[in-house]
Amino acid sequence: MKNLGMLLLSSAFGLLSILPFSASQPDASFGSMAVWMGFGNVGLGSAYLIDFLYAIVPMVVFQMVYGLYLYRHFCTASVYYFSRCIKRKSWFLQETGSLLLKSFLYESAYWIAGLFVLAFKYPFSITMADVCLFLYAVTINVLWLFASTLAVNILALKTDSVAGFGIIFGLEVFFIVIYNFMESLFLYGKPEGNAGKLLFILWKWNPVSQLVVRWHSSMWKEIDAMVNDYQVNFDFNFSVLYLAILSAILIILGISVISRVELISNGMEE
Amino acid sequence: MGILLLQIKVMLQKKEAAFCYFFMLTMILIHFFQNIFKFAGTDISRMYQPLKLRMLYEDNVFGYYVIELLPVLVVLVSGFSYLDDRKSGEDIFWIARIGGKKYFFFKYAASFVTSLIVFGGSLLMETFLYLLSFPLSSVGDPSNITRFDEVYWELISRYFFPDIYINHPYLYGVGCCVAFGLMCGVLSSFSLAISMSGIFRFRILLFLPVYLILTMTYYFKDFLKLDFDTYYGYYFYFYDTAPKNIFALILFLMVLFVISFCLVCKKINKDVFEK
């Protein structure tokens, strides 16, 4: 029931995201929809901060609800639960797999709502580049959603669910607000000088930057023509690899944390 | 009254309330020292009005942090106090001592006042800091639009109660802090009432109602075809110039207040041992 509710909520977020696009675009393709729904209305500078913070709302809701997906087993009847589940590491891997699947389903509902509007309003045309762009966007979003929610769970185990969520949400807001300082980064073309290059690295390695589809570049010219706002090298594969490595690190960290949790000392959270 | 004060004292001593207060204080002080270094030695004719240098003036990065984290901060400050009481069994002690009705009402009122003190108090402290440190005779606007420009007066007219601002700018500045604290108080007590209703089993989910309510207000403008902005941040900034509607704000706060009051009344009528 909760899962169904979350899928419906995700679809509603998808509709909220696509409606301004469909209202303003007389003609749209599958690729342009993917660009729009992948943080398409954001940019650098203070003018975009509000749009940015609204674009992450669906993700924040998921982090709140599934931020206790693993952690809840350590809250109530944990001694009983884990006496029947002795191999905690394999249990953790199973649960992370399930969390990844849930992240995928949640994101799918968000994107399918967009596709639904697109299919009804515009004549259907699709190219291979559109499909690839769409798959890149979904993969990046799923990986970020999974990694951030796993981080909330791991932090909750070390502190509590409120602190776990608070830290991750605080970091997300921090990563977004630092774009305020980067308004001039691409003002005169590519960043130059040591300060410009440093700022560029900070921009590229910012986890939130990975979510913005239109900032990326691609070796495939047809995809590159649809994105790459700043004409810089920021490949989709880099983002996928970056978030996959981040997820892998968090899984390893999670295994280490989960095997050290003292069940006796855990209180109930209600 | 003594019980209310005791409840407020207990809430203020909790680490969540302390964290919110120090977070506000940190943002305020970093911004204050930034201003001190920025305006050191500036001629008074080129200075801005001191209260417009405060953190919650629009287009300020520290203000952004506070406004965007506000849905979480208002819940954190006192929203969990009832759940903490229940976890430690303190609620039973209170109910045995003063009765359920008084306990829940005082808890609700204490949550409101605690939030008012933490947010309103820290911002009032900031106001006095600016009043003491910057020249009061300076009248410039950070937008660099002069008073002789019509646009300036057009922008001023979009403030809440522009007449008060024009005649008593410093009183207006203090009033903004109190209004900010009151709005945070309504949101905090709303989250406390939600926690009393027992809808959510886990603490983390208590963030959800306030977060969704505040963020979804953004879409009201388009869906209800309103001629004013409904993004909550515009109503929390002190000198925001976006088109706003004070009646919509009051209605919004009243609805939240009525819902939370009903939830508290419902809780009072329930048996203490019922969740």
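Since we're looking at a predicted model, the values are computed, not measured.

Visitor: Hey, could you run me through the overall build of chain B in this one?
Guide: From N to C terminus, chain B includes twelve helices and zero strands. Along chain B, from the amino end to the carboxyl end, the secondary structure elements read α-α-α-α-α-α-α-α-α-α-α-α. For chain B, whose C-alpha radius of gyration is 20 Å, the value lies close to the compact-globule estimate of 19 Å for 275 residues. Once the C-alpha set of chain B is aligned to its principal axes, its extents read approximately 65 × 40 × 30 Å.

Visitor: Looking at this model, I keep getting lost on the overall build of chain A. Mind explaining?
Guide: A count of helical and extended segments in chain A gives eleven helices and zero strands. The N-to-C order of helical and strand elements in chain A reads α-α-α-α-α-α-α-α-α-α-α. Computed over its C-alpha atoms, the radius of gyration of chain A comes to 20 Å, within 12% of the 18 Å expected for a compact globule of 270 residues. Principal axes of the C-alpha set define a box for chain A whose edges measure 60 × 50 × 30 Å.

Visitor: Please clarify how helix H9 (residues 169-197) of chain B should be interpreted in this entry.
Guide: The α-helix advances 3.6 residues per turn, and as a result positions three or four apart in sequence lie on the same side. The terminal C-alpha atoms of H9 of chain B, which comprises 29 residues, lie 42 Å apart, in line with the 42 Å expected from a rise of 1.5 Å per residue. After H9 of chain B finishes, the residue Gly 198 of chain B shows a positive phi value of roughly 75°.

Visitor: I would appreciate a short explanation of the environment of Thr 215 of chain B in the present structure.
Guide: Of note, Thr 215 of chain B is situated in helix H10 (residues 207-223). Looking at Thr 215 of chain B, the number of C-beta atoms within 10 Å reads 18, which means it is partly exposed. The sequence separation of Thr 215 of chain B and Tyr 232 of chain B amounts to 17 residues, and the corresponding C-alpha distance is 7.4 Å. Sequence-distant contacts of Thr 215 of chain B, defined by excluding residues within four places in its chain, comprise Tyr 54 and Val 57 of chain A.

Visitor: Explain unusual backbone geometry here, please?
Guide: A negative phi angle is the norm for most residues apart from glycine, just as the trans form is the norm for most peptide bonds. All names here are of chain B. Phi at Asn 144 takes a positive value of approximately 65°, unusual for a residue other than glycine. Mapped onto the secondary structure, Asn 144 falls in the loop between helix H6 (100-133) and helix H7 (150-156). In this structure, Phe 161 is a non-glycine residue whose phi angle is positive, near 50°. Tracing the backbone through its elements, the reader meets Phe 161 in the loop between H7 and helix H8 (162-167).

Visitor: Got a minute to help me understand the interface of chain A and chain B in this structure?
Guide: Think of interface size as the accessible area that goes away when the parts come together; that is how it is often given. Counting residues at the interface gives 24 residues for chain A and 24 residues for chain B. Elements that contribute at least two residues to the side of chain A that touches chain B include exactly helix H3 (49-55), helix H4 (57-66) and helix H8 (161-177) of chain A. Sorting elements by how many residues they give to the side of chain A that touches chain B places H8 of chain A first, with eight residues. Tallied by class, the residues present in the side of chain A that touches chain B amount to 15 nonpolar, six polar and three charged.

Visitor: Looking at this structure, I do not really get the packing of helix H2 (residues 30-37) of chain A against helix H6 (residues 88-121) of chain A. What am I missing?
Guide: The relative placement of two packed helices comes down to the angle between their axes together with the axis-to-axis distance. Residues and elements named next belong to chain A. Where H2 contacts H6, the two axes come as close as 11 Å, and the packing angle between them is 140°. As the angle between them shows, H2 and H6 are arranged oblique. Both H2 and H6 take part in a crossing whose hand is right-handed. Across the interface between the two elements, Phe 30, Met 33 and Met 37 of H2 pack against Trp 111, Gly 114 and Leu 118 of H6. In terms of residue class, the contact of H2 with H6 is made up of five nonpolar, one polar and no charged.

Visitor: How do you make sense of the nonpolar core when you look at a structure like this?
Guide: In summary, soluble globular proteins display a tendency toward joint burial of nonpolar side chains. Of all hydrophobic cores here, the largest spans 145 residues; its most connected members are Ala 34 of chain A together with Val 66 and Phe 207 of chain B. Counting residues per element, this core draws most heavily on helix H7 (residues 128-158) of chain A, at 17 residues.

Visitor: What is the right way to read the confidence of the model for chain B from this model?
Guide: Of the residues in chain B, 99% have a pLDDT of 70 or more, and the chain-wide mean is 88. Across the assembled chains, the prediction reports ipTM 0.79 with pTM 0.85.

Visitor: Looking at this structure, I do not really get the confidence of the model for chain A. What am I missing?
Guide: The predicted coordinates ought not to be read in detail in places where the model reports low pLDDT. For chain A, mean pLDDT is 85; residues scoring 70 or higher make up 97% of the total. The spread of mean pLDDT over the elements of chain A runs between helix H5 (residues 78-83) of chain A, the lowest at 75, and helix H11 (residues 236-258) of chain A, the highest at 94.

Visitor: Explain the environment of Val 257 of chain A to me, please; I cannot follow it from the model alone.
Guide: All names here are of chain A. Take Val 257: it is sitting in helix H11. Each C-alpha atom, one on Val 257 and one on Leu 211, is 28 Å from the other, the two residues being 46 residues apart in sequence. Not counting residues within four places of it along the chain, the set of residues in contact with Val 257 comprises Ile 154, Leu 157 and Lys 158.

Visitor: Quick question: what am I supposed to make of the packing of H6 of chain B against helix H12 (residues 246-269) of chain B here?
Guide: Residues and elements named next belong to chain B. The geometry of H6 relative to H12 is characterised by a closest axis approach of 9 Å and an angle of 155° between their N-to-C directions. The angle between the axes of H6 and H12 places the two elements in the roughly antiparallel class. Crossing geometry of H6 relative to H12 is assigned as right-handed. Where H6 approaches H12, its residues Gly 100, Lys 101, Phe 104, Phe 105 and Tyr 108 are matched on the opposing element by Val 264, Lys 267 and Ile 268. For the contact of H6 with H12, the residue count by class is five nonpolar, one polar and two charged.

Each value, and the rule that gives it
Residues numbered from 1 in each chain as written. Chains lettered and ligands numbered in written order. Predicted model: local features only at pLDDT ≥ 70, side-chain atom pairs only at ≥ 80, totals over all residues. Helix = DSSP H or I, 4+ residues; strand = E, 2+ residues; numbered from the N terminus. Rg over C-alpha atoms; globule rule 2.2 N^0.38 Å. Expected span 1.5 Å × (residues − 1). Buried ≥ 20, exposed ≤ 12 C-beta atoms within 10 Å, placed from the backbone. Contact = placed C-beta atoms within 7 Å. Nonpolar A, V, L, I, M, F, W, Y, C, P; charged D, E, K, R; others polar. Axes fitted to C-alpha atoms, helices over the stretch in contact; angles between N-to-C directions. Parallel < 35°, antiparallel > 145°, perpendicular 65-115°, else oblique. Left-handed = near helix turned anticlockwise from the far one by under 90°. Core = buried A, V, L, I, M, F, W, Y, C linked by C-beta atoms within 7 Å. pLDDT = per-residue confidence, 0-100.

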